[in-house]
Amino acid sequence: MPTNGGDVVEIGVGEQCGNVVDIDLGEQWRPLRPGKLTASTGAVAGWGTDEKAIISIMGHRNAVQRKLIRQAYEEIYQEDLIKRLESELSGHFEKAVFRWVLDPADRDAVLANVAMKQSKVDYHVIIELSCIYSPEELLAVKRAYQARFKHSMEEDLASHTSGDLGKALGIYRYDGDEIDARLAKSEANVLHNAIKEKVFNHEEVIRIVSTRSKAQLMATFNRYKDKYDTAITKHLVDDPSDQYLAAVRTSIRCINDPKKYYEKVIRNALNKPGTDEDALTRVIVTRAEKDLKEIKELYYKRNSVSLDHAVAKETSGDYEAFLLTLLGKED
Amino acid sequence: MAVANEMGAITKAFSGFGVDEKSLITVLGKWHPEQTKSFRKASQFFIQDERLFERWIDKHVEQLKIEFLRFKSAVVLWTMHPWERDARLIKDAVIDGQKSTNVIVEIACTRSCDDLFGARKAYHSLFDRSIEEDVAYNTPGIERMLLIALVSSYRYEGPRFHEDSAKSEAKTLCTAIKDAGDKNPMDDQEVVRILSTRSKPHLKAVFKHYKEISGKNIDEDLVADSSLKHTVQCLSTPHTYFIKVLDAAMNPVADENTKEGLTRVLVTRADVDMKLIAEEYHKQNGVELAQKIEQMVKGNFKEFLLTLLARGDQLKK
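Every value quoted in this text rests on a predicted model; they were computed, and no experiment measured them. (Residues numbered from 1 in each chain as written. Chains lettered and ligands numbered in written order. Predicted model: local features only at pLDDT ≥ 70, side-chain atom pairs only at ≥ 80, totals over all residues. Heavy atoms only, no water.)

Participant: Would you mind showing me how to read the UniProt feature "binding site: Ca(2+)" (unreviewed entry) in chain A here?
Facilitator: All names here are of chain A. Here the UniProt-annotated "binding site: Ca(2+)" (unreviewed entry) positions come out as Gly 46, Gly 48, Glu 88, Lys 272, Gly 274, Ala 312, Glu 314, Thr 315 and Glu 320. Counting through the fold element by element, Gly 274 comes out in the loop between helix H16 (258-271) and helix H17 (277-287). The exposure class of Gly 274 is partly exposed, given its relative accessible area of 48%. (UniProt positions renumbered as here; feature names shortened; annotations may be inferred. Helix = DSSP H or I, 4+ residues; strand = E, 2+ residues; numbered from the N terminus. Buried < 20%, exposed > 50% of the residue type's maximum accessible area, 1.4 Å probe, protein only.)

Take a look at the structure:
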């Protein structure tokens, strides 16, 4: 049985054929026509799902009609409409709203938990917490995590991941401005050697990147640039197979320029064929009250199109409306 | 003769733990120059110089400096905010290197979650560094992973835990320790994970199951005097651990580093569980801790320690 997201609502469906349908609220719905199939597809195609259209189409069909729709859908799109509906209606909109409604620290705790429970742990979330968040913010998240899940974040992370990812989260970096210039120099050399020899699980690299303060690391990265004429991030080649390498690279990027990092996450989320609504939601919802405005500006600079525009293009329905609202908040 | 007794008294006043200020004042302060000279000629603290005078042996003067300072150090340490205190103790341990790793383990494992975190904050203020980076930088090889994990822990402090995880983790520990072969269990990621992230109630269950599987307590299965053993002791039976520190400190042949344990334990546990430690001490050693201190320690330093020890009774902790 197809699922629908909520109450049946009387709305109209647009006339357009083709894969994308503009939903026209307020009109009377029309009786079944072959054109309806297109509307149904349109309602699930692209980013997000138009629940109201789904509701209006499927909700008003009887069993025979629903079966016909399902068969036709399968023939044309080689996919099971049910499966598609299930995944689309798992509620990007619902998820986004739920996350938005939580207290910031609680929200981050939930996101961390979700990230850990995936079969392939989403290390981005963990690294963001340990490299971008201030120590006070991170502590608030840890407390919220303990309150909600009844054990510590470190326990869960350590038992779901191997290696050093979990440990990095425990590190409470010095958050002041004092740096040791001599140390910056020597540690820049250590990093350079490790990169040159592609030995990223070198213990010293882990030690430096996960324990030094942000100020100290910035000084180190500056020394690196002075000495080797290139920013350290440019020397970190993308090799998707090495998860450990990727984690170190992400950490360095987060520390080096967090807003640029977030812009990249959003850009990738939007460009990806098939969706990364989770990443899109995460960045927009968690940064909305922090630095989303600057991330928007960076996005525009990089892509020559506004983030609002890109989000509107790639998402639809309630989900789109909600994201746009959050994006517009500072205006 | 009274003089011989007095000489004995002054010798004694200058030896051991702390300094007997009263004797020094009443006796030494009153001696005629000839008496003092006799003392110097007979004393092991002095040496006949080639230019025909009795000279203090430098080593003894240095030691005296330390002994005079014990009271001051104890008082200053006592007055500090617990966070500053722990931060400074850790800094000293980091500087001292290998021989003081147990202090880092001790503090990381016996403090409450918020107190450990407070110490980490205080460390930032005092030294413009994090404990993590200093410990990481200064701890070589095999101990590094364990130590960083311990100092950066933020354990859940509620009572809930999973009996099943505790059982399986006890098995994991048992295998890692007993079937280690060449590998040092301290190098084992799972061992470090369990000991540094699990809550204390959870670990209590783990250690209980460990004993059932192994037949022995976990610390009995570990090589003497390693950071891993200290970790396990501090997490399972902290009182026993502290008693060991106290006994080692009051051993007549203890070195300076070990002697500092006396001040540290009394100052840091006075308002926490010193009373329980003292009771355990009595049970284990057959003598009251207060008595032992009375016997081994002198002067203001002794009085101060005994006062700290007596607090437990008054505060009803």
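Participant: Looking at this structure, how should I read the interface of chain A and chain B?
Facilitator: The interface is formed by 30 residues belonging to chain A together with 27 residues belonging to chain B. When chain A packs against chain B, the two sides together hide about 2700 Å² of surface, and 54% of this comes from carbon and sulfur. A per-residue breakdown of the area chain A buries against chain B is headed by Glu 155, Tyr 172 and Tyr 174 of chain A, which together make up 24% of the total. The partner of Glu 204 of chain A in a salt bridge is Arg 144 of chain B, and the shortest N-O contact between them spans 3.0 Å. Linking chain A with chain B are 13 residue pairs in polar contact (both at pLDDT 80 or more), by the criterion used here. (Contact = heavy atoms within 4.5 Å. Buried area = accessible area lost by both parts, 1.4 Å probe. Salt bridge = Lys/Arg side-chain N within 4 Å of Asp/Glu carboxyl O. Polar contact = N/O pair within 3.5 Å; in protein donor to acceptor, adjacent residues only side chain to side chain.)

Participant: Where do I start with a negative patch on the surface in this structure?
Facilitator: A surface patch of negative charge is lined by Glu 136, Glu 137, Asp 175, Asp 177 and Glu 178 of chain A. Looking at the element boundaries, Asp 175 of chain A is found in the loop between helix H10 (165-170) and helix H11 (181-196). (Patch = residues over 30% accessible without salt bridge, like charges linked within 9 Å, V, L, I, M, F, W, Y side chains within 5 Å. Areas by Shrake-Rupley, 256 points an atom, 1.4 Å probe, with all protein chains shown as cover. Lys, Arg positive; Asp, Glu negative; His and termini not counted. Charge placed at Lys NZ, Arg CZ, Asp CG, Glu CD.)

Participant: Explain the packing of helix H6 (residues 101-110) of chain B against helix H13 (residues 227-236) of chain B here, please?
Facilitator: All names here are of chain B. Running from N to C, H6 and H13 point in directions that differ by 30 degrees, and their axes come no closer than 9 Å. What the angle tells us is that H6 and H13 run roughly parallel. In the packing of H6 onto H13, the handedness of the crossing is right-handed. Side by side, H6 and H13 meet where Thr 101, Asn 102, Val 105, Glu 106, Cys 109 and Thr 110 of the first sit next to Ser 227, His 230, Thr 231, Cys 234 and Leu 235 of the second. (Axes fitted to C-alpha atoms, helices over the stretch in contact; angles between N-to-C directions. Parallel < 35°, antiparallel > 145°, perpendicular 65-115°, else oblique. Left-handed = near helix turned anticlockwise from the far one by under 90°.)

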